[in-house]
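Tertiary structure, described
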Amino acid sequence: MSEVLVVIDHAEGEVKKPTYELLTIARRLGAPSAVFFGSPDQGDAVAEKVKRYGAAKVYVIDDAPIKGFLVAPKAEALQQLVEQASSNGDLAAILLPSTFENKEVAARLAIKIGSGLITDAVDVSAGSDGSAVTTQSVFAGNYTVQAKVTTGTPIITVKPNSAAPEEAEGAGAVEAFAATISDAAKGAQVVATQPRQSTGRPELTEAAIVVSGGRGTGGNFEPVEGFADSLGAAVGASRAAVDSGWMPHAFQVGQTGKTVSPQLYVANGISGAIQHRAGMQTSKTIVAVNKDPEAPIFELVDFGVVGDLHTVLPAARQQITDRSAAH
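What this report covers is the structure whose coordinates are included nearby.

Conventions we followed
Residues numbered from 1 in each chain as written. Predicted model: local features only at pLDDT ≥ 70, side-chain atom pairs only at ≥ 80, totals over all residues. Heavy atoms only, no water. Helix = DSSP H or I, 4+ residues; strand = E, 2+ residues; numbered from the N terminus. Buried < 20%, exposed > 50% of the residue type's maximum accessible area, 1.4 Å probe, protein only. Contact = heavy atoms within 4.5 Å. Axes fitted to C-alpha atoms, helices over the stretch in contact; angles between N-to-C directions. Parallel < 35°, antiparallel > 145°, perpendicular 65-115°, else oblique. Left-handed = near helix turned anticlockwise from the far one by under 90°. Nonpolar A, V, L, I, M, F, W, Y, C, P; charged D, E, K, R; others polar.

**Observations regarding the side chain of Lys-74**
Relative to the assigned elements, Lys-74 resides in helix H3 (residues 72-88). Under the relative-accessibility criterion, Lys-74 is labelled buried at 18%. Beyond its immediate stretch of four places on either side in the chain, Lys-74 contacts Phe-37, Ile-66, Glu-101 and Val-105.

**Digging into the side chain of Arg-277**
Mapped onto the elements, Arg-277 comes out in helix H7 (residues 274-277). Residue contacts for Arg-277: discarding those within four places in its chain leaves Gly-272, Pro-296, Glu-299 and Leu-300.

**Here's the deal with the packing of H3 against helix H4 (residues 100-113)**
At their nearest, the axes of H3 and H4 sit 9 Å apart, and the two run at 50° to each other. Put simply, H3 runs oblique to H4. Helix-helix and strand crossings are classified by hand; for H3 and H4 the assignment is right-handed. Here Ala-72, Lys-74, Ala-75, Glu-76, Leu-78, Gln-79 and Val-82 of H3 lie close against H4, whose contacting residues are Glu-101, Val-105, Arg-108, Leu-109, Lys-112 and Ile-113. Among the residues forming the contact of H3 with H4, the class breakdown is 7 nonpolar, 1 polar and 5 charged.

**As for the environment of Ser-33**
For Ser-33, the position within the fold is in strand E4 (residues 31-38). In this structure Ser-33 comes out as buried when scored by relative accessible area, which is 2%. For Ser-33 and Glu-167, which are 134 residues apart along the polypeptide, the C-alpha to C-alpha distance reads 15 Å. Discounting chain neighbours no more than four positions away, the residues touching Ser-33 are Glu-3, Val-4, Leu-5, Val-6, Lys-57 and Tyr-59.

Take a look at the structure:
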C-alpha cells in the first residue's frame with residue numbers, strides 16, 4: 001500500500017485535532033505515516049496518540065537545530081524525508097494542516113521536489129485511479145472545484161474541520177530521521193516573540209463552532225463573547241469590526257483575514273459582504289442574526305433571525321444555560 005506523509009500539527013508535543021483529521025483522510029489514499037517536528041523525547045508519547053488514528057510510522061525530526069528559523073529548514077527536512085520515502089517505495093501524497101506557515105513550507109517543498117501543490121482543500125478523496133482528488137472553494141467562495149496534481153507527488157494543505165476524525169489502530173512505529181540543514185536555509189530567524197494572551201477559547205481556524213460579530217455590535221462584543229463561551233466556541237469578527245478598532249486583526253474572518261470552516265458559524269450584526277463570505281461560507285451550518293431583513297447574509301444562511309443581537313444573543317445564551325443546568 002502506498003505511503004502517505006502527514007505533518008503533525010502540535011504545540012509542545014500536544015497533538016491538535018487537525019492532525020487526526022488528516023490521518024483519517026490519509027487512510028483513503030494509502031497507509032498514513034506521521035511526521036513529527038519536535039523533541040525526540042516526546043516521540044513515543046506523540047506516537048501513542050497518532051497511532052490510534054491509523055499512523056503506521058512516526059518519523060521524528062529533532063527540531064532543536066531549526067527552532068526559531070523561518071520555514072526554509074523545515075522544507076529542507078521534508079525534502080530529504082520525501083526523497084527517502086520515495087526511494088523505499090510508492091509515496092501517494094504529502095498532507096499538511098492549512099496554516100500560514102505550512103502553506104509556505106509546502107510551496108518551498110513543491111519546488112524542491114518538482115511536484116504539484118494544492119492549498120486550502122476542504123476535502124480529499126481517492127479518484128478512480130487511486131490518486132488524490134481535492135475539493136476547494138475558489139474565487140472568493142463563488143465556486144467549488146475538484147482538482148488533482150498531475151506532476152510528481154501531490155502536496156496538499158487541508159483546512160481544519162474538513163473531516164471527522166475516525167479512529168483506526170496503527171502500529172505507530174517510531175523512526176528517528178536525521179535531516180541535514182544547509183546554512184542557506186537559516187537566513188531568517190525569529191529572535192523574539194510576544195505570546196498572545198490566552199482567552200481559554202478554541203483557536204479560530206480550528207474551532208468546531210465560531211461566533212462572529214460585525215458592525216452591528218456597535219463595538220460592544222460582550223453579547224458575542226458571552227454567547228460564544230456558552231457554546232465553547234471561538235470568537236471572530238468582520239473586517240468592519242476590526243477596522244473600527246473593536247477587535248484585533250487576529251480575529252478577522254474573511255478574504256483579508258482568516259478562513260474558517262466550522263461545523264457551526266453564527267454571524268451577528270454582519271451584513272454578509274463577499275469579502276466576509278469568502279472566509280466562512282464553507283461552514284457546515286450557518287446562522288445569522290441581523291436587524292436588517294434585506295441583509296445579504298440571509299441569502300447564505302441555513303437559519304436566520306431578524307432581530308437585535310443585543311437582545312437575541314443574551315436570550316439564546318440563557319436558554320443554553322438553562323438546558324445545561326436541567327441536564
